[in-house]
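Listed below are the residues making up each chain.
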Amino acid sequence: MTIALPLILLSAVTHAIVNILTKRADDKYAMRLLIGVFSAILVAPALFFVPFPAGRALWFLAGTAFIHAFYELLLVKSYESAAFSAVYPVARGTGPLFTAVGAIFVLHEPAPLLELLGIVLVCGGVITIGLSHRATEGALKGIGFALATGITIGCYTLIDASGVRAVANPFSYVLWFFIAHALTVMVTAPGIRGSAVIREARREWKLGILLGAIGVTSYGAAMLAYRFGATAQLAALRETSVLFGTALAMRFLGEHMTLRRWIAAGTIVAGAILLQAA
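Residues numbered from 1 in each chain as written. Predicted model: local features only at pLDDT ≥ 70, side-chain atom pairs only at ≥ 80, totals over all residues. Heavy atoms only, no water.

Draft legend 1. Region of the structure containing the overall build of the protein chain. The secondary structure content of the protein chain amounts to 12 helices and 0 strands. The proportion of buried residues among the 278 residues of the protein chain is 56%. Long-range contacts, defined as pairs at least 24 residues apart, comprise 90% of the intrachain contacts of the protein chain with a sequence gap of at least 6. A total of about 11800 Å² of accessible surface is found on the protein chain, and carbon and sulfur atoms cover 72% of it. (Helix = DSSP H or I, 4+ residues; strand = E, 2+ residues; numbered from the N terminus. Buried < 20%, exposed > 50% of the residue type's maximum accessible area, 1.4 Å probe, protein only. Contact = heavy atoms within 4.5 Å. Areas by Shrake-Rupley, 256 points an atom, 1.4 Å probe, with all protein chains shown as cover.)

Structural data, given as structure tokens:
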């Protein structure tokens, strides 16, 4: 856990930055396409220095690429339907709950009571921040997409935690993940949005390069952390990104914090402390 903790916290901070900038993009699906493509381009030179993943790892790569296609679509739909500070916490808060259940029953990882309590506090606080928005039609629709996004987060977290542990060199899985992900979005983005998404991507390519680099750092750090620590515990700690994301939404998107959200933020911090103690 010594190595895993700073990796997962780095992932949390950079993940919040990627998502807040994606929310500000005019065409969010085009931005997700750019992130996927430029992430692959940036890691491509390093592929010559790691072994090609074989055996079970290839199945994990195929599975995560498939799940990520749905994740990208549902994430963009949630961003387009409601305020960032409403849908982002719900998606990120439910993801670790599904991850925790899968880690216990699929990966057979032990879950001490203190760890389970920490996961509940983090997820509860995260979800409360999202649900503290007024239940308008748009908010309810966005939260529905966010809940579906949370399911995909739980699925790909379990797959990637298994994949990065199935290879001798964890960087081989991490680097090839970004290639598999890019191939997926290059097919799904134009397939869903048509040629318009390509035109918009050309217009915002500079921001796409920046977010691609941050994206490699964010999810690359998370996958490496899963190599060295408990999946459910780390997945919950990564969702402290909601604290950073909410702060950025206040600063750059003009969104506001209520007393309920401040209490929820304190709950997230308390849960993170318990997870570390566990």
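The structure having been displayed, the exposition proceeds.
Draft legend 2. Layout of the pattern of salt bridges. Summed over the entire model, instances satisfying the criterion amount to 3 salt bridges. Where Glu72 meets Arg32, a salt bridge forms, and the shortest distance between an N and an O atom there is 2.6 Å. Residue Glu72 is found in helix 3 (residues 56-81), and its partner Arg32 is found in helix 2 (residues 28-43); the two are separated by 40 residues along the sequence. The salt bridge involving Arg165 is made with Glu109; its shortest N-O contact spans 2.7 Å. Remark: Glu109 occurs in the loop between helix 4 (84-105) and helix 5 (113-131) and Arg165 occurs in helix 6 (residues 137-165); sequence separation between them is 56 residues. The partly exposed category is assigned to Arg165, whose relative accessible area is 33%. (Salt bridge = Lys/Arg side-chain N within 4 Å of Asp/Glu carboxyl O.)

Draft legend 3. Spatial organisation of the environment of Leu73. Mapped onto the elements, Leu73 comes out in helix 3. Judged by its relative accessible area of 24%, Leu73 falls in the partly exposed class. For the pair Leu73 and Thr149, spaced 76 residues apart in sequence, the C-alpha separation works out to 8.7 Å. Beyond its immediate stretch of four places on either side in the chain, Leu73 contacts Tyr29 and Ile192.

Draft legend 4. Examining the environment of Ile17 more closely. In this fold, Ile17 is placed in helix 1 (residues 4-24). A relative accessible area of 29% means that Ile17 is categorised as partly exposed. Taking the C-alpha atoms as reference, Ile17 lies 8.1 Å from Ile214; in sequence the two are 197 residues apart.

Draft legend 5. Main features of unusual backbone geometry. With a phi close to 60°, His108 is a non-glycine residue in the positive phi region. Within the element layout of this structure, His108 appears in the loop between helix 4 and helix 5.

Draft legend 6. Representation of the packing of helix 2 against helix 8 (residues 195-203). One way to put it is that helix 2 packs onto helix 8 with a least axis distance of 8 Å and a crossing angle of 70°. Relative to helix 8, helix 2 is oriented roughly perpendicular. Relative to helix 8, helix 2 is oriented so that their crossing is right-handed. Between helix 2 and helix 8, the contacting residues are Tyr29, Ala30, Leu33 and Leu34 on the first element and Val197, Ile198, Glu200 and Ala201 on the second. For the contact of helix 2 with helix 8, a count of residues per class yields 7 nonpolar, no polar and 1 charged. (Axes fitted to C-alpha atoms, helices over the stretch in contact; angles between N-to-C directions. Parallel < 35°, antiparallel > 145°, perpendicular 65-115°, else oblique. Left-handed = near helix turned anticlockwise from the far one by under 90°. Nonpolar A, V, L, I, M, F, W, Y, C, P; charged D, E, K, R; others polar.)

Draft legend 7. Structural context of the side chain of Thr94. Structurally, Thr94 is set in helix 4. With relative accessibility at 7%, the residue Thr94 sits in the buried group. A distance of 3.3 Å separates the side chain of Thr94 from the backbone oxygen of Ala91, its partner in a polar contact. In this structure Thr94 touches Ile127, Ala146, Leu147 and Gly150, once residues within four positions along its chain are discounted. (Polar contact = N/O pair within 3.5 Å; in protein donor to acceptor, adjacent residues only side chain to side chain.)

Structural measurements only, silent on function.
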